[in-house]
Amino acid sequence: MNVAGAVQQAKRMQAERMSWWTEAKFGMFIHWGLYALPGEGEWHMYGSKIPVAEYESLAEQFNPVRFNAREWVRLARQAGMKYIVITAKHHDGFAMYGSQAEPFNIVDATPFQRDPMKELAQACQEEGIRLCFYYSHVIDWHHPHSVHQSANNIWDYKMEEKQFDLYWNELVKPQLRELLTEYGPIGLIWFDTAGGLSKEDSEDIVAHVRRLQPDCLINSRVSHYRGMGDYQSKGDNETPMYGEESQPWETPMTLNETWGYCPKDQVWKTADSLIRKLVNIVSKGGNLLLNVGPSPKGTIPEPAVERLREIGTWTERNAEAIYGTAASPFPYEFDWGAVTAKPGRLFLHVFNDKWPRGHLKLQGMRSRVLKAYLLADPLKRVLPLTHTYHGGTERHTLSVSLPDTAPDQSVSVIVLEVEDVNDLDTGFTVLPSGMLKVDVTSGEVTKADGLGDGTMAARRAAWDIAITEPGTYSLSLISFKRADGALADSYAEGIRLTFAGETIETVPQEDSIIAESPACQHPYKEVHSRLANVFIPVPGTYELTLTSTLIKDRNPRFTEIWQADKVKLRSVMLERADSQQR
Ligand code: GLC
């Protein structure tokens, strides 16, 4: 076989390996370990510099007698989750299974003596859920020889005495061998925090997993070199922008604000908000890996259980519009919700508080539309449709008549049967409601110069935007901001915006904070900055450009350190500003 043939074959094999995962869309993350006892989250040992000997003694008290694998797996299944990723070993180095390679494990070091991973493997088999393991391959605060680029145990061990190979060959590889040979087929190994791992060692561990279980998937956090593994793990709680990812991807997300058990953290996302986040993620082609942090007794906190049950009622009724779907063919978010697709069908997920009066208008569908109905309607009664065409801007508008009230909880789905889901008007169009949000990664991104003192690399994103209704449009910038960040600092160089021939140079201000946003969650808040008003005299297509030092390079060498940016630049928003706005 020639090189091109081999590459083709490797791609085919990868797609086959990935198929269950791309269809699954929704998984359960479980952070469970000794850290549940102090109940301060899984970084507690590091944060409080707890000596190994003292941390080890936690094991003597760890006795999760209420652990019931079947209950956990059923809860995941009922929520509509198709896979479970559980911490087999987190950064504290404690193995949550019976490891021969290291006595610091749940079977040998605790009064519990059971192997929860064995019990979960059995329950997952019975319930038809894929079992997957999280394994912290670089950070290990218990082992004397683990080496990470920043988060090391230096209160028990001296950096200069560390011999990474000992850790790698005597702990990591043997433990992965155990996990991949003693628990049946494993869906994926979820590696984490690879900072400092060499390219060779990254490749070595990928090969190790492939040899042991060729079908087992590997997430990108196996290495901080970009592009390794089968799919891209986004940063913690990070939802990408439209056009950001060309690889399959997954967002790991907390239900409250911590991963490991933390009873004082009672900031739970609502079921309603979680359903919208799931929809938002799936509409961009991703998977949601939603976390629970069980207690030291082995129970999943009640607020998490309640929410997962509510989500389950929704995913069961709307399964068709989630599982096995493709990303929305439209490169932007709608103000009423989001879109998913299957061949011949588009699913319009309408957020209930945005349920339109009378009819929903969808712009940009060029394909012939055959019929529309509500997914929640068992009789699939036809919703009347009109499909119009605006010659001047070459835009199609579809109008679907709707009942007065939304038929489902949280998000109600309209099914559109169309000839070709990808047959769309090209480019961006202001939505019929008079607004449009474009994400920086959905534009054409090029290098730019001439901002501030010019020392930082700036980039420019450009879009062609069709406007069918003339009038005044207000332009705003959307950023996600961490509590300790300030727009004035991050945008110190200023930004430059051009639209319909006008140029605006300014430093964005924090004008409003959006309380609930499908794409933004802890530790960020969505912030809007008003930039300018621009008058558009006639319908037509206008160029919009944004230049900023916060627009990222599309092909970085290393994966980003998630949450390293205090402010993230996300989108430009246009809104019809004058009285004619409908
Ligand atoms: C981070 C943290 C870790 C957590 C993980 C979840 O990498 O180090 O504690 O397990 O994210 O995505």
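Residues numbered from 1 in each chain as written. Predicted model: local features only at pLDDT ≥ 70, side-chain atom pairs only at ≥ 80, totals over all residues. Heavy atoms only, no water.

The name recorded for the protein chain in an unreviewed UniProt entry is alpha-L-fucosidase, from Paenibacillus thiaminolyticus. Reading the Function (unreviewed entry) entry of the UniProt record for the protein chain gives the comment "Alpha-L-fucosidase is responsible for hydrolyzing the alpha-1,6-linked fucose joined to the reducing-end N-acetylglucosamine of the carbohydrate moieties of glycoproteins." Taken verbatim from the UniProt record of the protein chain, the Sequence similarities (unreviewed entry) comment is "Belongs to the glycosyl hydrolase 29 family." (UniProt positions renumbered as here; feature names shortened; annotations may be inferred.)

> Provide a residue-level description of the overall build of the protein chain, including the pertinent values.
Each helix and strand counted, the protein chain has 12 helices and 26 strands in total. C-alpha extents for the protein chain along the principal axes are approximately 75 × 65 × 60 Å. Buried residues in the protein chain amount to 58% of all 582 residues. Across the protein chain, contacts joining residues at least 24 apart in sequence account for 74% of those joining residues at least 6 apart. Computing the positive centroid from 61 side-chain charges and the negative centroid from 76, the protein chain places the two 4 Å apart. (Helix = DSSP H or I, 4+ residues; strand = E, 2+ residues; numbered from the N terminus. Buried < 20%, exposed > 50% of the residue type's maximum accessible area, 1.4 Å probe, protein only. Contact = heavy atoms within 4.5 Å. Lys, Arg positive; Asp, Glu negative; His and termini not counted. Charge placed at Lys NZ, Arg CZ, Asp CG, Glu CD.)

> Please give an account of the sheet that holds strand E17 (residues 435–439) that cites residues and values.
What the five strands build is an open sheet, ordered E17-E26-E20-E24-E23; its pairing is antiparallel. Across the chains shown, the open sheet's two edge strands, defined by having one partner strand only, are E17 and strand E23 (512–514). Within this sheet the neighbouring strands show an average axis-to-axis angle of 30°, counted without direction. Across 12 bridges, the pairing between strand E20 (residues 471–482) and strand E24 (residues 524–536) is antiparallel. Each residue of the ladder has a partner; that of Ser-479, found in E24, is Val-527. (Pairing = 2+ DSSP bridges. Axes fitted to C-alpha atoms, helices over the stretch in contact; angles between N-to-C directions.)

> Which residues make up the site of the ligand, and what values do they have?
Neighbouring the ligand are 15 residues, the closest being His-31, Glu-42, Trp-43, His-90 and Asp-236. Between an oxygen atom of the ligand and a side-chain N or O atom of His-90, the distance comes to 2.8 Å. Contacts to the ligand include Asp-192, whose side-chain N or O atom sits 2.9 Å from an oxygen atom. Broken down by class, the residue content of the shell around the ligand amounts to seven nonpolar, four polar and four charged. (Near = heavy atom within 4 Å. Polar contact = N/O pair within 3.5 Å; in protein donor to acceptor, adjacent residues only side chain to side chain. Nonpolar A, V, L, I, M, F, W, Y, C, P; charged D, E, K, R; others polar.)

> Could you give an account of helix H11 (residues 302–317), with specific residues and numbers?
Every α-helix winds through 3.6 residues per turn, so residues three or four apart in the chain are directed the same way. With 16 residues, H11 should reach 22 Å at 1.5 Å per residue; the first-to-last C-alpha distance of 23 Å fits that figure. Those residues of H11 lying buried are Ala-304, Val-305, Arg-307, Leu-308, Ile-311, Gly-312, Trp-314 and Thr-315. Its buried side turned inward, H11 meets strand E1 (26–30), helix H5 (69–79), helix H10 (271–283), strand E8 (287–292), strand E10 (345–351) and strand E15 (411–418). (Expected span 1.5 Å × (residues − 1).)

> Would you mind going over the sheet that holds E8 in detail, with residue names and values included?
Pairing within the open sheet is parallel, and its eight strands lie in the order E5-E4-E3-E2-E1-E8-E7-E6. At either margin of the open sheet sits one strand with a lone partner, and together these are strand E5 (217–218) and strand E6 (232–233). Sheet topology places E1 next to E8; five bridges connect them, and they run parallel. The residue of E8 that forms the bridge with Met-28 is Leu-290.

> Mind laying out the nonpolar core, listing which residues take part and the relevant values?
Side chains of nonpolar character tend, in soluble globular proteins, to be buried together. Ile-84, Phe-133, Ile-189, Leu-290 and Leu-308 are the most contacted members of the largest nonpolar core, which totals 100 residues. The element contributing the most residues to this core is helix H8 (residues 164–181), with eight residues. Setting aside residues up to four positions removed in sequence, Ile-189 forms contacts with Phe-133, Tyr-135, Leu-176, Leu-180, Val-209, Cys-216, Leu-217, Ile-218 and Asn-219. The next biggest cluster of nonpolar side chains, apart from the first, holds 59 residues, and it includes Trp-355, Val-418, Val-440 and Ile-551. (Core = buried A, V, L, I, M, F, W, Y, C linked by side-chain atoms within 4.5 Å.)

> With reference to specific residues and values, describe empty space enclosed by the protein.
This model, assessed by the stated rule, comprises two cavities of 30 Å³ or more. Volume-wise, the largest cavity comes out at about 110 Å³. What lines the largest cavity is Tyr-242, Lys-284, Glu-333, Lys-437, Asp-439, Ile-478, Phe-480, Ser-517, Ala-519, Glu-526, Arg-570 and Ser-571. For the lining of the largest cavity, the secondary structure elements donating two or more residues are E17, E20 and strand E26 (567–576). Here the residues of the lining of the largest cavity are counted per class, giving four nonpolar, two polar and six charged. Considering only enclosed or pocket space, the second largest cavity measures out at about 60 Å³ in volume. Taken together, the residues of the lining of the second largest cavity break down into four nonpolar, three polar and four charged. (1 Å grid on protein atoms, 1.4 Å probe; cavity = no way out; pocket = protein on both sides within 12 Å on 5 of 7 lines; lining within 4 Å. Points joined across faces, edges and corners; volume = space filled by probe spheres on them.)

> Describe the pattern of salt bridges, and please don't skip the residues or the numbers.
The final tally for this structure, using the stated rule, is 27 salt bridges. Measuring nitrogen to oxygen at the nearest pair gives 2.3 Å for the salt bridge that ties Glu-126 to Arg-70. Remark: Arg-70 occurs in helix H5 and Glu-126 occurs in helix H7 (residues 116–127); sequence separation between them is 56 residues. Looking at Arg-70, the relative accessible area reads 33%, which means it is partly exposed. Where Lys-437 meets Glu-333, a salt bridge forms, and the shortest distance between an N and an O atom there is 3.4 Å. Here the residue Lys-437 occupies a position in strand E17, and Glu-333 occupies one in the loop between H11 and strand E9 (337–342), the gap between them amounting to 104 residues. Neither residue differs from the other here; Lys-437 and Glu-333 are each classed as buried. (Salt bridge = Lys/Arg side-chain N within 4 Å of Asp/Glu carboxyl O.)

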